[in-house]
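Here are the chains, one letter per residue:
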Amino acid sequence: MTIRATSAPPARSTYRHGDLRRALLQAGVELARDGGPEAVVLREATRRAGVVPNAAYRHFENRQALLQAVRAAALAAVARAMETELATLSPTRDQVAFARASVRAVGTGYLRFAQLETGLFRTAFATQVDVGAQPDQAKSGDSGLNPFQLLGAALDRLVEAGAMPASRRPGAEYLAWSAVHGLAMLVIDGPLRGLPRAQVDALGQRLLDMVEKGL
């Protein structure tokens, strides 16, 4: 039996301005989805986009530039997952209950994304993230907010509803983020890896209870 070598797709020269950058970015995102940040390689992205390697340098000067763009797209995907959970909340006159549900929703969305899109989750936090930076649409969900800003907005609702003293608000996002991110990493890369999904979900909800009460 003859085994044929897999050939690269034919190089294309018909991309319109901007199309090649999008194609390379999408290829990078798929590489990250399959293998995390280490899999984001410029040469492989160009192969998947069907162009010669030199064509990529017009849009990404090196592998790090492509990784940064993929990381931004991964952060935006995390934000959209959080927004999806927020969208399930039903309006209520009970502002305290809604504020608490909002905090739980952003945490639930974060944890679920880590489990369902592990490669992208690892990529989103593979390099330094400037959480204090001005809003960047490339890193944001449909609301225009990135994951850290969505968490901050949910915590602000707690204060506005009277569920958390204003004096405890400064820095609260770092505490909540550290707890939820820690569980996510234990589940995808640590000793909790391999636990049944139902058990992980239950642990996640208990953690969110602890975070809410601790704030």
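Model, not experiment: these values are computed from the prediction.

Enquirer: Where do I start with the confidence of the model for the chain in this structure?
Expert: Note: predicted coordinates in regions of low pLDDT should not be interpreted at a detailed level. Across the chain, pLDDT averages 88, with 88% of residues at or above 70. Every residue in residues 1-11 is under pLDDT 50, and counting partners more than four places away or in other chains gives nine contacts.

Enquirer: Is there a simple way to think about the packing of aromatic side chains in this case?
Expert: Centre-to-centre distance and the angle between the planes together describe a pair of aromatic rings. This model, assessed by the stated rule, comprises six aromatic pairs. Aromatic side chains Tyr110 and Phe125 sit 5.9 Å apart centroid to centroid with 50° between the ring planes, which places their arrangement in the tilted category. Of this pair, Tyr110 sits in helix 4 (residues 95-116) while Phe125 sits in the loop between helix 5 (118-124) and helix 6 (147-160); the two residues are 15 residues apart in sequence, bridging distant segments of the chain. In this structure Tyr110 comes out as buried when scored by relative accessible area, which is 4%. Three or more aromatic residues link up through ring pairs in this structure, and these residues are Tyr110, Phe121, Phe125, Phe148, Tyr174 and Trp177.

Enquirer: Explain the packing of helix 1 (residues 19-35) against helix 2 (residues 42-49) here, please?
Expert: Between two packed helices, both the angle of their axes relative to each other and the distance between the axes serve to describe the pair. Running from N to C, helix 1 and helix 2 cross one another at 115°; their axes reach a closest spacing of 8 Å. Remark: the crossing between helix 1 and helix 2 carries right-handed chirality. Across from Ala23, Leu24, Ala27, Glu30, Leu31 and Asp34 in helix 1, the residues of helix 2 making contact are Glu44, Ala45, Thr46, Arg48 and Ala49. Split by residue class, the contact of helix 1 with helix 2 holds six nonpolar, one polar and four charged.

Enquirer: Could you clarify how one ought to interpret the environment of Pro170 in this entry?
Expert: Counting through the fold element by element, Pro170 comes out in the loop between helix 6 and helix 7 (172-189). Between the C-alpha atom of Pro170 and that of Gly152, which follows or precedes it by 18 residues, the distance is 9.9 Å.

Enquirer: What's the story with helix 8 (residues 197-214) in this structure? I'm lost.
Expert: The terminal C-alpha atoms of helix 8, which comprises 18 residues, lie 25 Å apart, in line with the 26 Å expected from a rise of 1.5 Å per residue. Every buried residue of helix 8 is accounted for by Val200, Gly204, Leu207, Leu208 and Val211. Down the axis of helix 8, the buried set is contained in an arc of 100°. They therefore lie on one face. Opposite the packed face of helix 8, turned more than 90 degrees from it, sit the exposed residues Ala198, Arg206, Met210 and Lys213.

Enquirer: Sorry if this is basic, but what is going on with the pattern of salt bridges here?
Expert: Pairing between side chains of opposite charge can happen when the charged atoms of each approach one another. Using the criterion set out here, one finds 13 salt bridges in the structure. We note a salt bridge from Glu85 to Arg112, for which the minimum N-O separation is 2.7 Å. Taken together, the residues Glu85 in helix 3 (residues 63-87) and Arg112 in helix 4 connect sequence positions 27 residues apart. Residue Arg104 pairs with Asp209 through a salt bridge whose shortest N-O separation is 2.2 Å. One end of the pair, Arg104, is in helix 4; the other, Asp209, is in helix 8, with 105 residues separating them in the sequence. Among the residues examined, Arg104 registers a relative accessible area of 23% and is labelled partly exposed. Through salt bridges that share partners, Arg100, Arg104, Asp209 and Glu212 make up one connected network.

Enquirer: How should helix 1 be read in this particular structure?
Expert: Given 3.6 residues per helical turn, the α-helix brings residues three or four places apart onto the same face. In this model, helix 1 (17 residues) spans 24 Å end to end at C-alpha, consistent with the 24 Å of a helix rising 1.5 Å per residue. Those residues of helix 1 lying buried are Asp19, Leu20, Ala23, Leu24, Leu25, Ala27, Gly28, Val29, Leu31 and Ala32. Where helix 1 is buried, its residues contact helix 2, helix 3 and helix 5. In the stretch just after helix 1, Gly36 is the one whose phi turns positive, near 80°.

Enquirer: Honestly, the side chain of Lys139 in this entry has me stumped. Any pointers?
Expert: Position of Lys139 relative to the elements: it lies in the loop between helix 5 and helix 6. Residue classification places Lys139 among the buried positions, given a relative accessible area of 19%. Ignoring any residue separated from it by four or fewer positions in sequence, one finds Lys139 in contact with Arg71, Ala72, Leu75, Ala76, Asn146 and Pro147.

Enquirer: Teacher, can you tell me more about the environment of Leu208 here?
Expert: For Leu208, the position within the fold is in helix 8. Leu208 gets classed as buried once you look at its relative accessible area, which sits at 5%.

Reading the values: the criteria
- Residues numbered from 1 in each chain as written.
- Predicted model: local features only at pLDDT ≥ 70, side-chain atom pairs only at ≥ 80, totals over all residues.
- Heavy atoms only, no water.
- pLDDT = per-residue confidence, 0-100.
- Contact = heavy atoms within 4.5 Å.
- Phe/Tyr/Trp six-rings, centres within 6.5 Å; stacked < 30°, edge-to-face > 60°.
- Helix = DSSP H or I, 4+ residues; strand = E, 2+ residues; numbered from the N terminus.
- Buried < 20%, exposed > 50% of the residue type's maximum accessible area, 1.4 Å probe, protein only.
- Axes fitted to C-alpha atoms, helices over the stretch in contact; angles between N-to-C directions.
- Left-handed = near helix turned anticlockwise from the far one by under 90°.
- Nonpolar A, V, L, I, M, F, W, Y, C, P; charged D, E, K, R; others polar.
- Expected span 1.5 Å × (residues − 1).
- Arc of directions from axis to C-beta.
- Salt bridge = Lys/Arg side-chain N within 4 Å of Asp/Glu carboxyl O.

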